[in-house]
Amino acid sequence: MTDASEHAFSTEVQEADAPGALGQAAELLAQGQLVALPTETVYGLAADARSPEAVARIFEAKGRPAGNPLIVHIDSVEMAEGCVAAWPRAAAQLAGAFWPGPLSLVLPKADSIPDIVTAGGKTVAVRCPAHPVFSAVLAKCGFPLAAPSANRSNRVSPTRAEHVVDQLGGRIPLVLDGGACDIGIESTVLDLTGDTPTLLRPGMILLGQLQAVLGQVATAKPPAAAEPLKSPGQLQQHYSPRAKLILVEGNLDVVLGQADVMVHVIARTAAPPAWASERWHRLPDSAGDFARELYDTLHRCDRLGAETILVQPLPDGDEWAALRDRLNRAAEV
Ligand code: TXA
Ligand code: MG
């Protein structure tokens, strides 16, 4: 991919509640252009999901491999049903329990969804986001919006408008700024096309919550190298900051003894007395609060020039599963 597109736009950042901002976003989208919009999970890079030309711009702006399918965002079950070829009972139950919210459902795709959205596959992921700005834009558009996270491919997802500008500035016409995202990590992705519902990507809708609605839920095995990827987000190296991220096993203090000035630390405990405070990022002890701040912290480490980020081990338990997943993927393998 050439970088000719890099300075094609002077990217405008609009407060989402500024007069006319939502209308401007909807108009650009109706013209087949891209707009970055806040969702409750992370910022998304939206395009008209019905238009192959518009969706192609997403892949170009992100530098995203054509083999990685996009999530289609809808604002009602009715709109979801227009994107899928089947709406099984499990989908209805889950939509009733968790929509609007951070759960994407993989279902057989309808003909109305172009192949480029699904990377040529016969299934499509649909999600109803719980964010007033995204919902308002969907309502104005009246058509579904394909939207991956609004970062360059393989980088950390944006949870603030400034993270989007850092990565996609000059490549897209408009970012709507709706403040910091509430959830902070990407949605749970659940495949409903097989015999048993299968978790493809953990998120803050937890495995246990899905099991409470559906009974049995399988977790996807990490794919063997030769197997086709069921969800390309499962690729080991993904969601990485620029800095080298290391998950510390065992005692953090031992590792700290050897650390130099380009080393930053993400921990749930206080910094040791001698440690420079701007290189110690203390995150909250609850999984939900940790998730809300994690990506902002990773972006901040990059901006501060961190070369290495040491991360204290996370607790066990279902509510930390998605965070362990994201940090494992961000870590050097
Ligand atoms: O929270 C989110 O899901 C955010 C916001 C913007 O909604 N979006 C997001 O999109 O994280 P993206 O493209 O960064 O991640 C989508 C994930 C990828 O791992 C992709 O492979 C998987 O969903 N996916 C999409 N369509 C799929 C399909 N038909 N079958 C299996 N996996 C799919
Ligand atoms: Mg992404």
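Residues numbered from 1 in each chain as written. Chains lettered and ligands numbered in written order. Predicted model: local features only at pLDDT ≥ 70, side-chain atom pairs only at ≥ 80, totals over all residues. Heavy atoms only, no water.

J.: Can you lay out the sheet that holds strand β11 (residues 218–219) for me, pointing to particular residues and giving the numbers?
T.: Ordered by their spatial adjacency, eleven strands build an open sheet running β1-β8-β2-β3-β7-β4-β6-β5-β9-β10-β11, and the pairing between neighbours is mixed. Every interior strand has two partners, whereas the edge strands, β1 (12–15) and β11, have only one. Examined bridge by bridge, strand β4 (residues 71–73) and strand β6 (residues 123–127) share three bridges and lie parallel to one another. Bridging from a neighbouring strand, I71 pairs with A125 of β6. Helix α6 (residues 161–168) contacts β1, β2 (35–37), β3 (44–48) and β8 (174–177) of the sheet and is inclined by roughly 165° relative to β8. (Pairing = 2+ DSSP bridges. Helix = DSSP H or I, 4+ residues; strand = E, 2+ residues; numbered from the N terminus. Contact = heavy atoms within 4.5 Å. Axes fitted to C-alpha atoms, helices over the stretch in contact; angles between N-to-C directions.)

J.: Tell me about the packing of helix α9 (residues 287–303) against helix α10 (residues 321–330), and name the residues and values.
T.: Two elements in contact, α9 and α10, have axes whose closest approach is 10 Å; the angle formed by their N-to-C orientations is 30°. When the axes of α9 and α10 are compared, the pair comes out roughly parallel. α9 and α10 meet at a crossing whose hand is left-handed. Together, A287, F290, A291, L294 and Y295 of α9 and L323, R326 and L327 of α10 make up the contact between the two elements. Within the contact of α9 with α10, the residues separate by chemical class into seven nonpolar, no polar and one charged. (Parallel < 35°, antiparallel > 145°, perpendicular 65-115°, else oblique. Left-handed = near helix turned anticlockwise from the far one by under 90°. Nonpolar A, V, L, I, M, F, W, Y, C, P; charged D, E, K, R; others polar.)

J.: Give a detailed account of helix α1 (residues 21–30), specifying residues and quantitative values.
T.: The complete set of buried residues in α1 reads A21, A25, A26, L28 and L29. One side of α1 holds all its buried residues, which, seen down the axis, span an arc of 160°. Exposed side of α1, more than 90 degrees from the buried face: E27 and A30 are the residues found there. Its buried side turned inward, α1 meets β1, β2, β3, α5 (132–141), β7 (145–146) and β8. (Buried < 20%, exposed > 50% of the residue type's maximum accessible area, 1.4 Å probe, protein only. Arc of directions from axis to C-beta.)

J.: Describe in detail the side chain of T188, supporting the description with residues and values.
T.: Note on placement: T188 falls in strand β9 (residues 188–191). Judged by relative accessible area, T188 falls into the buried class, the value being 0%. At 3.2 Å, the side chain of T188 and the backbone nitrogen of G203 are in polar contact. Among the polar contacts made by the side chain of T188, one reaches the main-chain carbonyl oxygen of I205 at a distance of 2.8 Å. Apart from residues no more than four positions distant in its own chain, T188 is found in contact with P102, L103, S104, L199, R201, P202, G203, M204, I205 and L210. (Polar contact = N/O pair within 3.5 Å; in protein donor to acceptor, adjacent residues only side chain to side chain.)

J.: Can you tell me about unusual backbone geometry, naming the residues and giving the values?
T.: Omega for the peptide link from W99 to P100 comes to -5°, which places this bond in the cis form. Mapped onto the elements of the fold, P100 is located in the loop between α4 (89–98) and β5 (103–108). Of note in the backbone geometry, A119 takes a positive phi value of approximately 55° without being a glycine. Structurally, the position occupied by A119 is in the loop between β5 and β6. In this structure, N154 is a non-glycine residue whose phi angle is positive, near 70°. Mapped onto the elements, N154 comes out in the loop between β7 and α6. A relative accessible area of 39% means that N154 is categorised as partly exposed.

Everything listed here is a matter of coordinates, which is why it stays silent on function.
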